[in-house]
Amino acid sequence: MTDGDRADADDFAVAADDPVSAAVEVVARSAPEIRAGLAGRRRKADEQNPSGETQLAADVWADELLERRLAAVDGIHQFASEEREGVVDCGGEGASGGYAVTVDPLDGSSNLKPNNTMGTILGVYDAALPAKGAQLVAAAYVLYGPITTMVVARDGEVTEYVLESEGDELAERRAVREDVTLPDDPVVYGFGGRVPNWTDRFADYAGEIADELKLRYGGAMIGDVNQVLTYGGVFAYPELESRPEGKLRLQFEGYPIGYVVETAGGASSDGSGSLLHVEPDDLHQRTPVYVGNEALVDRLEARF
Ligand code: AHM
Ligand code: MG
């Protein structure tokens, strides 16, 4: 770490009485700066992430910024990101025990070129990585939409905040929806992947859902899931003929989003059961993701 990086991490040493709150706060405080830094970082970075995808300068930059700041939180002993190969050892377990954090620094970063929605995803595990979704103690995401919001799931409750900023600094994290639950009457659906690549069983399910709900798909999981959380419905990045494991990464995307949706009273699935109970064998493994109102996810599982 350079002296500048150390000073930046020190500046972000947040006052919080536990490492879980501190990790959430670090992401909240970093969000205005990440948002402000996107404009100049839309170019490709000439690198690939561990999933073989070409990174943008913004992916690499947001990853390094979050690693520096989250690794400095007392009580966080491991950091991992969709944008880097291995687990970063952040030092001793700290006074309050050892937590591991994972991030997808910029979810949906291919939306940066056409200037559409993106997100940042955080998972906090009370276990060493790779950890299971059931070992999450909190999950959160930032949504860079027309306004910047943050959804935090912890202690059986989901809260939505607006992140007000002054320049690129967080001025206030204001709760705007407490105890968020999925509406009972679902309205929207969004399914990823190319339709010709869908399996027959998923295509059948999709056909049925398309007759009942309204298509809303933006190409960034966080934006699409947030619509489901707001209006009710179902989001999927399904199994594909060419890739039965789908696209999304279990540890960085599947578990945290499953945790948020289940905490909000919805359901998550990999096609056969809750995402939170899928066994992790590899940090960057992929999984099909189906999340939304329980009845809609149950219907999917009944076909599979
Ligand atoms: P990323 O985290 O590397 O940006 O990839 C994940 C994104 C999801 O947000 C979204 O659901 C999916 O990829 C869309 O993929 P595609 O553009 O291939 O349909
Ligand atoms: Mg992602």
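Anyway, here's the lowdown on the structure attached to this text.

Reading the values: the criteria
- Residues numbered from 1 in each chain as written.
- Chains lettered and ligands numbered in written order.
- Predicted model: local features only at pLDDT ≥ 70, side-chain atom pairs only at ≥ 80, totals over all residues.
- Heavy atoms only, no water.
- Donors = N, O, S within 2.8 Å, 3.2 Å for Na, K, Ca; no water.
- Helix = DSSP H or I, 4+ residues; strand = E, 2+ residues; numbered from the N terminus.
- Buried < 20%, exposed > 50% of the residue type's maximum accessible area, 1.4 Å probe, protein only.
- Pairing = 2+ DSSP bridges.
- Contact = heavy atoms within 4.5 Å.
- Axes fitted to C-alpha atoms, helices over the stretch in contact; angles between N-to-C directions.

This part covers the coordination of the magnesium ion (ligand 2). The protein atoms that coordinate the magnesium ion (ligand 2) are D104 (OD), D107 (OD) and E253 (OE), at distances of 1.8 to 2.3 Å. As a motif over one chain, the donors of the magnesium ion (ligand 2) read D-x2-D-x145-E. Residue D107 is found in strand β5 (residues 99-107), and its partner E253 is found in helix α6 (residues 250-263); the two are separated by 146 residues along the sequence. Pair check on accessibility: D107 and E253 agree, each one buried.

Turning our attention to the sheet that holds strand β6 (residues 118-125). Read across the open sheet, the eight strands follow the order β4-β3-β5-β6-β7-β8-β9-β10; overall the sheet is mixed. Every other strand in the sheet has two partners, leaving β4 (88-89) and β10 (169-177) as the edge strands with one partner each. Note: strand β7 (residues 136-144) against strand β8 (residues 148-154), seven bridges, orientation antiparallel. By the bridge assignment, A140 is partnered in β8 with V152. Of the strands in this sheet, β3 (76-81), β5, β6, β7, β8 and β9 (157-166) are in contact with α6, which crosses β7 at around 100 degrees.

All right, on to the sheet that holds strand β15 (residues 289-292) then. On the basis of which strands lie adjacent, the open sheet formed by five strands has the order β12-β11-β13-β15-β14 and mixed pairing. Looking at which strands have only one partner, the edges of the open sheet turn out to be β12 (214-215) and β14 (267-269). Sheet topology places β14 next to β15; three bridges connect them, and they run antiparallel. Directly across from S269, in β15, lies its bridge partner Y290. Those strands touched by helix α4 (residues 200-212) are β11 (188-191), β13 (233-237) and β15, and its axis lies near 155 degrees from that of β11. In the packing of α6 onto the sheet, the strands contacted are β14 and β15, and the crossing angle to β15 comes to about 20 degrees.

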